[in-house]
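# Topology and contacts: notes
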Amino acid sequence: MLIRYGYEMTLTCPQPTALVCLLSVHEDRAADIRIPETVFTTPDVATSTYRDLFGNRCLRLVAPAGDLTIWGDATIEDDGKPDRSLLGAREIPVSELPDDCLVYLMGSRYCETDRLSQIAWDMFGTVSSGWGRVQAICDFVHGYIQFDYMRARSTRTAFEAFHERVGVCRDFAHLAVALCRCLNIPARYINGHLGDIGIPVVDPMDFSAWIEVFLDGAWHTFDPRNNTPRIGRIIVARGRDAADIPLINSFGPHVLKAFRVWTYEVTNLQHMQSVAEGAV
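Residues numbered from 1 in each chain as written. Predicted model: local features only at pLDDT ≥ 70, side-chain atom pairs only at ≥ 80, totals over all residues. Heavy atoms only, no water.

### So, the overall build of the protein chain
Along the backbone of the protein chain there are 5 helices and 14 strands. Referenced to the eigenvectors of the C-alpha coordinate spread, the extents of the protein chain come out at roughly 60 × 45 × 35 Å. The 280 residues of the protein chain split such that 49% are buried. Counting only contacts in the protein chain whose residues sit at least 6 apart along the sequence, the fraction spanning at least 24 positions is 78%. With an accessible surface of roughly 13000 Å², the protein chain has 52% of that area assigned to carbon and sulfur atoms. (Helix = DSSP H or I, 4+ residues; strand = E, 2+ residues; numbered from the N terminus. Buried < 20%, exposed > 50% of the residue type's maximum accessible area, 1.4 Å probe, protein only. Contact = heavy atoms within 4.5 Å. Areas by Shrake-Rupley, 256 points an atom, 1.4 Å probe, with all protein chains shown as cover.)

Printed below as a string of structure tokens:
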């Protein structure tokens, strides 16, 4: 399966403003790229890239005063299979976890393990450990939080989402991540593209957030917002929570003036290559 994905966003800055943007596909999918990402800005500004502490690709630039549009587009190959389920996957004792998993047990900006620990153990401490316990957490979060774009708040934490019972995909992810960590299960926050492949189109397309949990020696995908296996996830960035991987980190005030995302299946690679070449 071939999936075309991309984004276009326009920011307005009152003065020249440094930006760090996490918008490109993660390096672990580099071998699947069939049409490399084309990125340009209007007006044209100098850009550079670097890898952050979590291995994410970051775009660095200075936005001029006024409007700046950032546009990116690429095509990737996907196996077309839904998220894998490994129902027998077991939890790994903390003493046996790889060193690089330990950071995903700690509290973080949006995932207050100290405030949710007793709640997590009271609710899920007696649930059979492993895949089933993580799925029980996701089932709970999926049914407990009401999805509402109009009540989104960039500062809402997992603890606040638990008490307010409303949010968007990042809030579902933060609460599930925090509850997993409280139970000594490493969990990390993911953002990326998730199109409507194989399901009815309901909402306008947007970047999505889900989670990965470390079980049986590997990271596995869970999605407390949708809570069903999906086709064609394209990871952009991984981190402890949304504070680590904002789509745009602005070192000064800005207003998001326009924003759109696309993710859809394509069938003619040669035609797509011609389109991409014409866009450059």
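That shown, we press on.
### Description of the pairing of strand β1 (residues 2-13)
Within β1, 10 of the 12 residues are buried, leaving the element largely enclosed by the surrounding structure. Bridge analysis of β1 against strand β6 (residues 66-77) gives 12 bridges, and the strand direction is antiparallel. Counted as the bridge partner of Gly-6 is Asp-73 from β6. (Pairing = 2+ DSSP bridges.)

### Some thoughts on the pattern of salt bridges
Considering all chains together, one arrives at 21 salt bridges under this definition. Between Arg-34 and Glu-77 there is a salt bridge; the shortest N-O distance is 2.7 Å. Here the residue Arg-34 occupies a position in strand β3 (residues 33-42), and Glu-77 occupies one in strand β6, the gap between them amounting to 43 residues. Accessibility expressed as a relative area gives 35% for Glu-77, which makes it partly exposed. One network of salt bridges, in which partners are shared, links Arg-153, Arg-156, Glu-160, Glu-164 and Asp-171. (Salt bridge = Lys/Arg side-chain N within 4 Å of Asp/Glu carboxyl O.)

### Remarks on a nonpolar patch on the surface
On the surface, a nonpolar cluster with roughly 230 Å² of combined accessible area is contributed by Val-94, Leu-102 and Met-106. Mapped onto the fold, Val-94 is located in the loop between β6 and α1 (113-124). (Patch = residues over 30% accessible without salt bridge, like charges linked within 9 Å, V, L, I, M, F, W, Y side chains within 5 Å.)

### Brief notes about the sheet that holds strand β12 (residues 233-239)
In sheet architecture, strand pairing relies on hydrogen bonds along the backbone and comes in two forms, parallel and antiparallel. Ordered by their spatial adjacency, 4 strands build an open sheet running β11-β10-β9-β12, and the pairing between neighbours is antiparallel. Of all the strands in the sheet, just β11 (218-222) and β12 have a single pairing partner and so form its edges. Sheet twist, expressed as the mean angle between neighbouring strand axes with direction ignored, is 40 degrees. Where strand β9 (residues 187-194) and β12 come together, 6 bridges link them in antiparallel fashion. Looking across to β12, one finds that Gly-192 is bridged to Ile-235. This element, helix α2 (residues 131-144), spans β10 (207-215) and β11 of the sheet and lies at about 30 degrees to β11. Of the strands in this sheet, β9 and β10 touch helix α4 (residues 169-182), which is tilted by about 15 degrees from β10. (Axes fitted to C-alpha atoms, helices over the stretch in contact; angles between N-to-C directions.)

### A closer look at the state of the cysteines
Under the criterion given, the structure shown has 0 disulfides. Just so you know, Cys-21 is unpaired, no disulfide at all, and the nearest cysteine sulfur is the one on Cys-58, 9.2 Å from it. Cysteine Cys-101 shares no disulfide, and the gap to the nearest cysteine sulfur, in Cys-180, comes to 13 Å. Its relative accessible area of 0% is what places Cys-101 among the buried residues. (Disulfide = S-S within 2.5 Å.)

### With respect to the packing of aromatic side chains
Summed over all chains, the structure comprises 14 aromatic pairs. With 6.4 Å between their ring centres and 45 degrees between their planes, Phe-140 and Phe-162 make a pair best called tilted. In this pair, Phe-140 sits in helix α2 while Phe-162 sits in helix α3 (residues 158-164), placing the two residues 22 residues apart along the sequence. Residue Phe-140 is classed as buried on the basis of its relative accessible area of 17%. Ring geometry for Phe-147 and Tyr-149: centres 5.0 Å apart, planes at 80 degrees, overall edge-to-face. (Phe/Tyr/Trp six-rings, centres within 6.5 Å; stacked < 30°, edge-to-face > 60°.)

### Considering the sheet that holds β6
In spatial order, the strands read β3-β6-β1-β14; together these 4 strands make up an open sheet with antiparallel pairing. Either end of the sheet is taken by a strand with one partner, and the two such strands are β3 and β14 (255-266). Within this sheet the neighbouring strands show an average axis-to-axis angle of 5 degrees, counted without direction.

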